[in-house]
Each structure stands twice: as structure tokens, then as C-alpha cells.
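Results of the structural survey
One-letter residues, chain by chain:
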Amino acid sequence: MNNLEVQSLSSEHLLHSLPVFMKKIDGLINELGIELEHYQADHIAIRINDLQTAKESHQQWLPLGREWSNAVINGRPIIILGFHTPIKAGKWDIESLELPYPGEKQYSQQGWEHIEWVVPSTAFTVETFLDDVLTKFPKLEEQWSELEKKGIKVKLSSPQGANERLSNPTIAFKKNGVCIKLHPHSLKRVIESEQQS
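Quantities reported herein were computed from a predicted structural model and do not represent experimental measurements.

Quick notes on the rules
Residues numbered from 1 in each chain as written. Predicted model: local features only at pLDDT ≥ 70, side-chain atom pairs only at ≥ 80, totals over all residues. Heavy atoms only, no water. Helix = DSSP H or I, 4+ residues; strand = E, 2+ residues; numbered from the N terminus. Polar contact = N/O pair within 3.5 Å; in protein donor to acceptor, adjacent residues only side chain to side chain. Contact = heavy atoms within 4.5 Å. Pairing = 2+ DSSP bridges. Axes fitted to C-alpha atoms, helices over the stretch in contact; angles between N-to-C directions. Core = buried A, V, L, I, M, F, W, Y, C linked by side-chain atoms within 4.5 Å. Buried < 20%, exposed > 50% of the residue type's maximum accessible area, 1.4 Å probe, protein only.

1. Focus on the side chain of histidine 43
Mapping histidine 43 onto the fold places it in strand 1 (residues 40-47). A polar contact of 2.9 Å, which involves the side chain of histidine 43, links it to the side chain of aspartate 42. Here glutamate 98 takes part through its side chain, which lies 3.0 Å from a polar atom of the side chain of histidine 43. Leave out the neighbours within four places in its chain, and histidine 43 touches Ile94, Ser96, Glu98, His114, Ile115, Glu116, His183 and Leu187.

2. Some thoughts on the sheet that holds strand 5 (residues 111-118)
Within the open sheet, the eight strands sit side by side as 2-3-4-1-5-8-7-6. Their pairing is mixed. The two strands at the open ends of the sheet, each matched to only one other strand, are strand 2 (65-73) and strand 6 (153-157). Each strand axis lies, on average, 25° off the axis of its neighbour in the sheet, ignoring direction. Pairing geometry for strand 3 (residues 76-89) and strand 4 (residues 92-100), over eight bridges, is antiparallel. When the bridges of strand 4 are listed, alanine 89 appears paired with tryptophan 92. Those strands touched by helix 3 (residues 51-61) are strand 1, strand 2, strand 3, strand 4 and strand 5, and its axis lies near 145° from that of strand 4.

3. Overview of the environment of proline 63
Take proline 63: it is sitting in the loop between helix 3 and strand 2. Between the alpha carbons of proline 63 and lysine 91 there is a distance of 25 Å; along the sequence they are 28 residues apart.

4. Brief notes about the nonpolar core
Residues Trp117 and Leu182 are the most contacted members of the largest nonpolar core, which totals 47 residues. When neighbours within four sequence positions are excluded, tryptophan 117 is seen to be in contact with Ile25, Ile29, Leu36, Tyr39, Gln40, Ala41, Asp42, Trp92, Ile180, Lys181, Leu182 and His183. Ala71, Ile80, Leu187 and Ile191 belong to the second largest nonpolar core, which has seven residues in total.

This is how it looks when you write it as C-alpha cells:
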């Protein structure tokens with residue numbers, strides 16, 4: 001039994017456990033009052049705490065897709081792999097996987113961590129993007145000030161790779177070890193913007 005299997009982090013185990021993860025994601029979607037059925041589930045992300053396991057995971061996922069990007073963002077490599085065949089996750093077909101190599105932060109649990117949806121917007125800043133999101137999802141706007149009381153952690157950020165030309169502000173909602181992120185552009189578009197530089 002290899003290291004990934006011991007830690008239940010093999011690609012086979014993760015794909016098998018995806019329905020359980022999606023049940024938690026669906027619960028958070030419903031609690032937030034956001035209707036994402038008609039939006040693209042852009043990518044799914046896994047979190048791994050040690051470098052050797054991340055390298056092994058990277059190699060294990062490679063036969064299932066093509067490496068779109070291997071960029072250093074916020075001081076650590078982040079691998080983006082485009083699946084040859086999108087993976088089915090609930091109502092969505094997800095075209096890519098995000099595998100960040102570990103940084104200083106240690107995650108309380110390893111494995112599936114978040115899914116990001118594309119909510120199209122021309123916003124350049126996270127504040128303007130938030131305005132767009134709240135307009136599109138009135139149920140979210142109604143309870144915005146109550147989210148913290150419900151145990152939902154909200155994080156607004158603007159992560160950026162070294163050569164990125166396309167601003168992709170992000171809103172993250174986290175509860176019970178799962179996270180939903182919304183951003184205006186797909187990873188594929190962001191990566192294409194980097195490669196044009």
C-alpha cells in the first residue's frame with residue numbers, strides 16, 4: 001500500500017468519495033441561498049499537507065488529464081490539470097483540478113477542499129464583484145450580515161499569478177471543512193491570459 005492509499009488520498013479514493021463531499025457542498029449552497037445550477041463549476045481543489053504526498057498525488061492525477069499550468073502563486077506551486085473527460089460532481093461536469101503544493105499553512109483535513117464556480121462579471125476588484133454577486137443572488141444578500149452567526153466564514157481575495165493579465169477576484173464561503181468559491185473568470189481563461197504575456 002503506497003503513501004496516498006494509506007492517507008486515503010489516491011485519485012481512485014478521492015473520486016469514490018466525491019458524492020459525500022458534494023452532499024456537504026450542496027448543503028452549503030442551500031444554506032447560502034445561491035442557485036448555481038446554471039453556472040459553470042470551473043474546478044475542484046484538493047489540499048495536501050506534505051510535499052512528498054503532493055508530488056505523488058500530482059503524478060497520480062497526470063494520466064487523467066493534461067497539465068494546463070504549474071505556476072507559483074503566493075509563494076508555492078499550484079498545479080492545474082485539465083481532465084481528458086470532465087468529472088461528474090452532482091449536477092456539474094468539472095473540467096479541471098487544482099492541486100496546490102503545501103505552503104506554511106497546515107489543513108485540518110486533507111483531500112477535497114473546495115469547488116469554484118464562474119459567476120460572469122466585468123469586475124476588476126473583489127468589492128465590485130461582491131456587488132454583482134449580491135445582485136445575482138438576492139437570498140444571499142438578505143442574510144449577508146448573518147453568515148458569521150451561522151458559522152459561515154467569508155473571505156474576499158484577489159489571488160494573482162506572476163504573469164496574470166486577467167483580474168479574477170474571489171469570494172469564498174467556508175463551513176464544516178468544505179468551501180465554495182465564486183469568481184468571474186474560469187481558470188482556463190486566466191491561464192490563457194498568463195500565456196499571452
